[in-house]
Each structure stands twice: as C-alpha cells, then as structure tokens.
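Tertiary structure, described
Now for the letters of each chain:
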Number of protein chains: 2
Amino acid sequence: MHASRTCGTRTPPASEGLSRRRAGRPFAAILDKTRITSAALEIIGRKGYDGLTMAGLAKQLEVAPSALYNHVTAKRDVLQLAEDHLISMVDVSLFGRAPWEEAARIWAWSYRDVFAQHTSLIPVIAVLPVTNAPQTLEMYETVTRAFAAAGFPQNLIVSSIVAFESFIFGSAYDVTAPDDIFEAGSTVDSTPHFRAALKAGRVNERPADTAFELGLEALIAALARSLC
Amino acid sequence: MHASRTCGTRTPPASEGLSRRRAGRPFAAILDKTRITSAALEIIGRKGYDGLTMAGLAKQLEVAPSALYNHVTAKRDVLQLAEDHLISMVDVSLFGRAPWEEAARIWAWSYRDVFAQHTSLIPVIAVLPVTNAPQTLEMYETVTRAFAAAGFPQNLIVSSIVAFESFIFGSAYDVTAPDDIFEAGSTVDSTPHFRAALKAGRVNERPADTAFELGLEALIAALARSLC
DNA sequence: ACCTGAACACCGTTCAAGT
DNA sequence: ACCTGAACACCGTTCAAGT
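The structure reproduced in this document is the subject of the present report. Owing to the predicted nature of the structure, the values given are computational and were not obtained by experimental measurement.

Side note on the overall build of chain A
Helix and strand counts for chain A come out as nine helices and zero strands. Put simply, chain A has 228 residues, and 45% of those count as buried. Across chain A, every contact between residues at least 6 apart in sequence was considered, and the portion connecting residues at least 24 apart equals 67%.

Details of the pattern of salt bridges
Pairing between side chains becomes possible if they bear opposite charge and their charged atoms approach one another. All names here are of chain A. Applying the stated rule across the entire model yields 16 salt bridges over all chains. When the shortest N-O distance is used, the salt bridge between Glu217 and Arg105 registers 2.6 Å. Of this pair, Glu217 sits in helix α9 (residues 207–224) while Arg105 sits in helix α4 (residues 100–116); the two residues are 112 residues apart in sequence, bridging distant segments of the chain. Residue Asp209 pairs with Arg206 through a salt bridge whose shortest N-O separation is 2.7 Å. For Asp209, a relative accessible area of 16% puts it in the buried group.

With respect to the relation of the copies chain A and chain B
Here chain A sits on chain B after a turn of 180° about the axis and a move of 0.0 Å along it, with an RMSD of 0.0 Å. Interpreted geometrically, this transformation is the action of a two-fold axis.

Considerations on the interface of chain A and chain B
Contacts between the two partners involve 57 residues from chain A, matched on the other side by 57 residues from chain B. Of the roughly 4800 Å² buried between chain A and chain B, counting both surfaces, carbon and sulfur atoms make up 73%. Looking at the side of chain A facing chain B, the largest losses of area belong to A:Glu141, A:Tyr173 and A:Phe194, adding up to 12% of the total buried there. Across the chain A-chain B interface, the total number found is zero salt bridges.

A look at the side chain of A:Thr144
Mapped onto the elements, A:Thr144 comes out in helix α6 (residues 134–149). The buried category is assigned to A:Thr144, whose relative accessible area is 1%. Once you skip the residues sitting within four places of it in the chain, A:Thr144 turns out to touch A:Ile157, A:Ile161, B:His193, B:Phe194 and B:Ala197.

Rules used in this analysis
Residues numbered from 1 in each chain as written. Chains lettered and ligands numbered in written order. Predicted model: local features only at pLDDT ≥ 70, side-chain atom pairs only at ≥ 80, totals over all residues. Heavy atoms only, no water. Helix = DSSP H or I, 4+ residues; strand = E, 2+ residues; numbered from the N terminus. Buried < 20%, exposed > 50% of the residue type's maximum accessible area, 1.4 Å probe, protein only. Contact = heavy atoms within 4.5 Å. Salt bridge = Lys/Arg side-chain N within 4 Å of Asp/Glu carboxyl O. Least-squares fit on C-alpha atoms with pLDDT ≥ 70 in both. Buried area = accessible area lost by both parts, 1.4 Å probe.

Keep in mind that these numbers describe shape and distance, not what the molecule does.
The structure is reproduced here in structure tokens:
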C-alpha cells in the first residue's frame, strides 16, 4: 500500500525528468480507481476529510490534477469510492452464526465506530445510490438474509435496517462532539434542570457510548418483538 | 424581513452614490448578528447550503465581504447562528401539557422535519457547543424538565435525549435520499434477498416516514419502561 | 486512451486604509 | 467602531494540446 512513502531509501531524482515506467506499447496506464481510492483513504486518514483535495490527491499519485478526471467525473465520486471501501470494514461476521440480537449488536457498534472516524462521509453515504457501491450492497444482502432467517416479516426488514442506520449515523456524529459541548457557560443559570440532569448523567467518561447503548438496546428490544 | 427585495417600487439609484442612512454621529451601524442571520437563512432557503457564500451574504446585505468579519469570526459562526434559529422552530409545545409519549412524538417528528430541510446544518449542530446557542439550550431545558416530570431517572435523561437526537439527525438525512437509492441496477442480481425485501417493504410512497415511525416508536416504547 | 499545462470561475479570509 | 478595496492562498473543473 502507498508505496511512495518510506520505501527503502529511494530518493527520487528531482532533476532527471520522469521516472515513470513506460512499456514499449503506446501507454502504460498510471491511474485506476483502486489506486485513487487507496490514495484518497490514505490522505483522509492522515489529514481528515477537509484535507482531501483533488490537487493533493493528484500529488500523492504523482499526476496532474486533471488526470483524475479521466477516472472520476467529480470529487463526489472519490468520496463514494472511499465510502464503499469503508463499508467493507463493518463487522457482519456474526450474522447467521449467532442469535439475531447479538449479531445486530456487534454489527451496529462496528458500523458506528467506522463512521465515527469518518463523519464527513455520512452525508455522502446517506444519499449514495447503492448502484455504485458494491460493498455496500453486499452488506445489505447479508443483513437482510439474517433478518429474514431470524423471522422478521418480509415487509419490515428494509425499514428496520434503515432505522438502525439512521440511529448509527447520528450516533457517529455524537462520538466526535467535543467534551464541553453541553457547557452552558453563562453566569446566570437559566437552565437549572438541564444542568442538573447533565451532572447526574455523567457516570461514564464516554457519554456517547452510554447514549448509543441505550438507544441501540431500545431498538433491538422493540424490533425483537415483531419476530414471534 | 429582508427589506431589500420587492419593497414597494423603490428603485435604488445606481449612480447616485451610497444611499445608506448616516446619522449625524460618526457612524450608523449597518450590520449586526440579527441581520446576518436572517439574510443567511434567506439565502439558504433559496439556494441551499452550498449556495451560501460569504460573498453572496455580503451582497445580500449590500456590504463588502470583509465587513462581515467585524461580526463573525468565520463562516462557521454564520452557520451556528442559522442553526440556533432553526431550533426555535422545533415544536416543544406539548411538553408539560400532554402525556410524555405524545409530547416526545410530536417533538421528534417536528425536529426531524426541520432538519430534513437543512441537512447541511447537521454536522454543525452535532459539534456546536450550546454555549453559543441560546435557543438550543432553551429547548434542552424544556425537554429535560418534561422528562423529569414524567418520572425519568435523573441520570438517564441526557442520554435519552441524545439517543433521540441521534436517531432524528440520521433520519433527517434519510428523508433527502433519492427514491432510487436502493436501485441495484445490475443485470445479474447478486442480492436477491435484499431486492425481495425492498419490494415487500414498499408499502408507502414515503419510505423514510415508515422507517422513522418504526424506530421512533421503538425508542419511545423502550424508554417508557424505565419510567415506572 | 490517457496524461500535461494553462486557464477559468470561483472560494474564505486578511489587512492596510479610510471615515 | 466599522466599513472598503485589494490582495492572498487556495478550491474544483475544463479543455486544447500532446503522445
């Protein structure tokens, strides 16, 4: 992966011209979607979503920015490629091998954790047609099969998945919230009830986890009822 | 509101120089946060979040772009002002006047509807310290008081509100998803279970509403149990 | 078919200068 | 105190030209 950094001691000769391999044939393709995706993920991991620019991506790939547009039609495409790769990191391994509740629990937690580190992609996935996202489609297939096998009524499966996902995406944002997000800060306290509840609820040093568990277990428990 | 459009037939004299009122005193302030907020909301409503630029905002206010920076430190501030105004449109009127379940239901639906029209502000609110958002703080106070009055254990209130909000924000995105988001489109169908479930679940022409109701009622039902 | 180089039409933000 | 005008350091994207 990303061979351009720290690969041995190779120091690219700055003034020797292009060092790119060229076959005898007219052209050796330099770019493809796979290389673009992994370079994009590398940059996002290192500098965040705001640090991902088409110019920076091109630089990482040692290519002119305009060259990218031979493989993607817009920056949005790059984000969609990254998103689909991210989905493959979600843990669906327990579906079909453990009770439905337990498999859904592991799936939801890992789904949230993956996107908590990439909240900028949430607006992308939320509107992304799965047509262009094979990994995403595969996840839906796996989850659907498990829900059906667990005894869910056929007509409730997609709605249930969407409900889970909505909660997961919203909760992913919550993970990234600053610790002092609820600090009222005013000298005069016009929100005594809220402040008291805030104090009483601070039992965990990871409040986002407490809220996620509460909501997730509520969803699982209520949906499990439509099984029998 | 926004007096600069269609106010009578006033045609501003283009070549007569500044027509801005100036008192005898050194200066008449032209900008303030209120004017900036309402102008921003007007632009967002007309052209969406992507259409909101500092230059466009300045133009709407008949001012140089740099003038804005006397009142806000960055564009983020403008978005936070808009967000706080949006919160005041959420319906909290039933809290304290109706059973907890019913009040929470109305609150959640209106909260989702408001942000479904402004999904671009979700990343803003999710990380916005309430210190700078008086309306948001007021909503939390109202909701907290009602939850406490309904008999919620003090230490669960904030987590419950956060769980609701997470589900609401995620669901707001879902409203904006294109209708064909789940169209697999491939000739060979590698996702038969998912496709079948999709077909069976399409009972409503507003699938986002079906999923939201399912999840919301699950949350309400499960949380109501911690009351008694 | 695929890449380069130059250009276009924007962005948000800063800052000296004015009043 | 608050505004203007000019400038800065970027953006994403297009397109004629090369090979």
